[in-house]
2 protein chains.
Amino acid sequence: MATFYGIGVGVGDPEMITLKAINALKDLDVVILPEAKKDEGSTAYSIAKEYLREDIEELFLEFPMISDVEKKKKIRRANAEKIEEYLEAGKNIGFLTIGDPMTFSTYVYVLEYLSDKYSVKTIPGVSSFVDMASRFNFPLVMGDESLKIISLHGKVDIKKEIENSDNIVFMKVTRSFDDLKAALIATNNMENIILVSNCGKENQEVFFNIENLQKEDVHYFSTLILKKGGINQWKKFIS
Amino acid sequence: MATFYGIGVGVGDPEMITLKAINALKDLDVVILPEAKKDEGSTAYSIAKEYLREDIEELFLEFPMISDVEKKKKIRRANAEKIEEYLEAGKNIGFLTIGDPMTFSTYVYVLEYLSDKYSVKTIPGVSSFVDMASRFNFPLVMGDESLKIISLHGKVDIKKEIENSDNIVFMKVTRSFDDLKAALIATNNMENIILVSNCGKENQEVFFNIENLQKEDVHYFSTLILKKGGINQWKKFIS
């Protein structure tokens, strides 16, 4: 029976791919590409390419960011149906993700609508914030501390969140940058943060102080990690 | 200059290692092994072995689980000093971890005491709970939901935690299993969980219902994931 694969291919660095992901890529007859990337190509695809069969079939699917829930569901259902056609034809088909397929990824919106009669294999990957901690040599969480991952995409009571966790990863910080700054000041945590924009890329920027940083100066691909136990003791290996 | 490496080698499955980890392993002159594993061997070492130089030097270090803080600090400092001796001699030396080196790992207790004059490279890995979600094909976190990681090693107000997060990974559940059960019942969340013991191993066990499960029946290596949005819709690909 053919298999639907969800494959985490790492954070962007071609070396951050697992052997399991490489073996899954070699097993694919069809690779799914987001419609939006038809021309520009995608990072995930460029990492995967060297492991894919030369005659791999490409399936372009649309995953629009729209607020119309019914329309979104309809598109997702249609995507799942297209994938099922390939599986019915005995073809292994794969969805590539940067980071981990089960952590804030579009992949789950395919799984949600796919019939349970098919075989599914998900290959986990390293998420961007996990990579960020290793890249800068500081712990995400240790001992009996807790870790919370929050996307500032939705409505969040940031102050309350800060009160309730030892370490917090704030993703999509540009969405509520002013609120985030205010909450960090109000809870006396302005010294306990690291903000990284374009982590691992050529235009990477690192900030330990965001007092004078304005919302409009912060790049969309930015993650702020708060360590209430302090970040100073971990700065020593950050070059 | 020699480098101190922290290397995540995956969750136990030899295929779950990254190319970056493999390249780091090949670069090692010395590999650190926990003293406790001197006879039985460690999972991390058995995964790493095929990539290590045949004449690799083994350094056994003690990382005791003791409550005496001063004694613990002293041992950690001594471990860092031993590692520094190898670095001074121009040897690359590596600390292996199962999962991710920056997520609840002993590795950071070496970093903490290592002098900042040395070069440090940390290679991230997939954590056990990240692997668990992929293995059973359910999302850890999606859309504007939040995710919290809690080790029940310390004191935790479980009910409050459940109220404040959409998805929670509870690690070391045997420490407070009765409290965890009570909090899940009190918050009407008994239907929204998956408990996995010995994830990925031969003796793996999966529970969606823990009502009749007693503390003494739960294996030490067990993780419970609560999904307040429900787990039922994701059970379809769990075989």
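Conventions and cut-offs
Throughout, residues of each chain are indexed from 1 in the direction in which the sequence is written. Written order determines the labels here, with chains lettered from A and ligands numbered from 1. Two thresholds apply to this predicted model, a pLDDT of at least 70 for residue-level local features and 80 or more for giving and counting side-chain atom pairs, whereas whole-chain, interface and lining totals are computed over all residues. Calculated side-chain values reflect all of the structure's heavy atoms, with hydrogen atoms and water omitted. A run of H or I in DSSP becomes a helix once it reaches four residues, and a run of E becomes a strand once it reaches two; helices and strands are each numbered from the N terminus. Whether two residues are in contact is decided by their heavy atoms: any pair within 4.5 Å suffices. Under this definition, polar contacts are N or O atom pairs within 3.5 Å; protein pairs additionally need one hydrogen-donor-capable and one acceptor-capable atom, and for neighbouring residues in sequence, both atoms have to be side-chain atoms. Each domain's extent is set by a domain assignment, obtained either automatically or from a database. For any pair of parts, buried area is found by adding up, for both, the accessible area (1.4 Å probe) each one loses once the two are put together. Any carboxyl oxygen of Asp or Glu within 4 Å of a side-chain nitrogen of Lys or Arg constitutes a salt bridge here. Gly is placed with the polar residues, together with every amino acid not listed as nonpolar (Ala, Val, Leu, Ile, Met, Phe, Trp, Tyr, Cys and Pro) or charged (Asp, Glu, Lys and Arg). Should DSSP find at least two bridges between two strands, the strands are regarded as paired. A fitted line through C-alpha atoms represents every axis, and for helices the fit uses only the stretch in contact; the resulting angles, taken between N-to-C directions, go from 0 to 180 degrees. Think of it in three bands: with a 1.4 Å probe and only protein chains considered, a residue is buried below 20% of the maximum accessible area for its type, exposed above 50%, and partly exposed in between.

Relative to the elements of secondary structure, Thr122(B) occurs in strand E5 (residues 119–123). The contact partners of Thr122(B), leaving out residues within four places of it in the chain, are Ser134(A), Asn137(A), Gly6(B), Pro101(B), Met102(B) and Tyr107(B). In terms of polar contacts, Thr122(B) uses its side chain to reach the side chain of Asn137(A), at 2.5 Å.

All names here are of chain A. For chain A, the assigned domains are domain 1 (3–126) and domain 2 (129–237). Look at where the C-alpha atoms of domain 1 and domain 2 centre, and you get two points 29 Å apart. Contacts between domain 1 and domain 2 engage four residues on the former and six residues on the latter. Summed over the three residues of domain 1 that lose the most area to domain 2, namely Val 11, Phe 104 and Val 126, the buried surface amounts to 74% of that side. At the surface where domain 1 touches domain 2, the tally comes to zero salt bridges. For the interface between domain 1 and domain 2, the tally reads zero residue pairs in polar contact (both at pLDDT 80 or more). Its residues placed into classes, the side of domain 1 that touches domain 2 shows three nonpolar, one polar and no charged.

What follows is about the sheet that holds strand E5 (residues 119–123) of chain A. All names here are of chain A. Read across the sheet, five strands follow the order E3-E2-E4-E1-E5 without closing on themselves; strand pairing throughout is parallel. Of all the strands in the sheet, the pair left with one neighbour each is strand E3 (57–61) and E5. Each neighbouring strand pair of the sheet contributes to a mean axis angle of 25°, computed without reference to strand direction. Where strand E2 (residues 30–34) lies against E3, five bridges are found, and the strand directions are parallel. Across the sheet, Val 31 pairs through a bridge with Glu 58, a residue of E3. Packing against the sheet, helix H1 (residues 19–26) makes contact with strand E1 (3–8), strand E4 (93–97) and E5, and its axis sits at approximately 140° to E1. Across the face of the sheet, helix H3 (residues 69–88) comes into contact with E1, E2, E3 and E4 while running at roughly 165° to E3.

The subject of this paragraph is unusual backbone geometry. Of note in the backbone geometry, Asn137(A) takes a positive phi value of approximately 55° without being a glycine. Within the fold, Asn137(A) resides in the loop between helix H5 (128–135) and strand E6 (146–151). The backbone of Lys172(B) sits at a positive phi, close to 50°, despite the residue not being glycine. Mapped onto the elements, Lys172(B) comes out in the loop between strand E7 (167–171) and helix H7 (177–186). Looking at Lys172(B), the relative accessible area reads 28%, which means it is partly exposed.

Right, let's get into the interface of chain A and chain B. Listed per partner, the contact involves 60 residues of chain A and 60 residues of chain B. Across the chain A to chain B interface the summed buried area is about 4,800 Å²; carbon plus sulfur atoms make up 60%. For the interface between chain A and chain B, the tally reads two salt bridges. Two residues, Lys20(A) and Asp13(B), come together in a salt bridge whose shortest N-O distance is 2.6 Å. Linking chain A to chain B there are 32 residue pairs in polar contact (both at pLDDT 80 or more). Of all the elements in the fold, those that place two or more residues in the side of chain A that touches chain B are H1, helix H4 (107–111), E5, H5, E6 and helix H6 (158–164) of chain A. For the side of chain A that touches chain B, the element with the highest residue contribution is E6(A), accounting for six residues. For the side of chain A that touches chain B, a count of residues per class yields 31 nonpolar, 15 polar and 14 charged. Strand direction decides the pairing type here: E6(A) and strand E6 (residues 146–151) of chain B, joined by five bridges, are antiparallel. The residue bridging Ile150(A) from the neighbouring strand is Ser146(B), located in E6(B).

Another aspect to go through is the side chain of Thr103(A). Turning to its location among the elements, Thr103(A) is positioned in the loop between E4 and H4. Looking at Thr103(A), its side chain comes within polar contact range of the side chain of Asp100(A), at 2.7 Å. Dropping the residues within four chain positions of it, Thr103(A) is found in contact with Ser127(A), Phe129(A), Leu140(B) and Val141(B).

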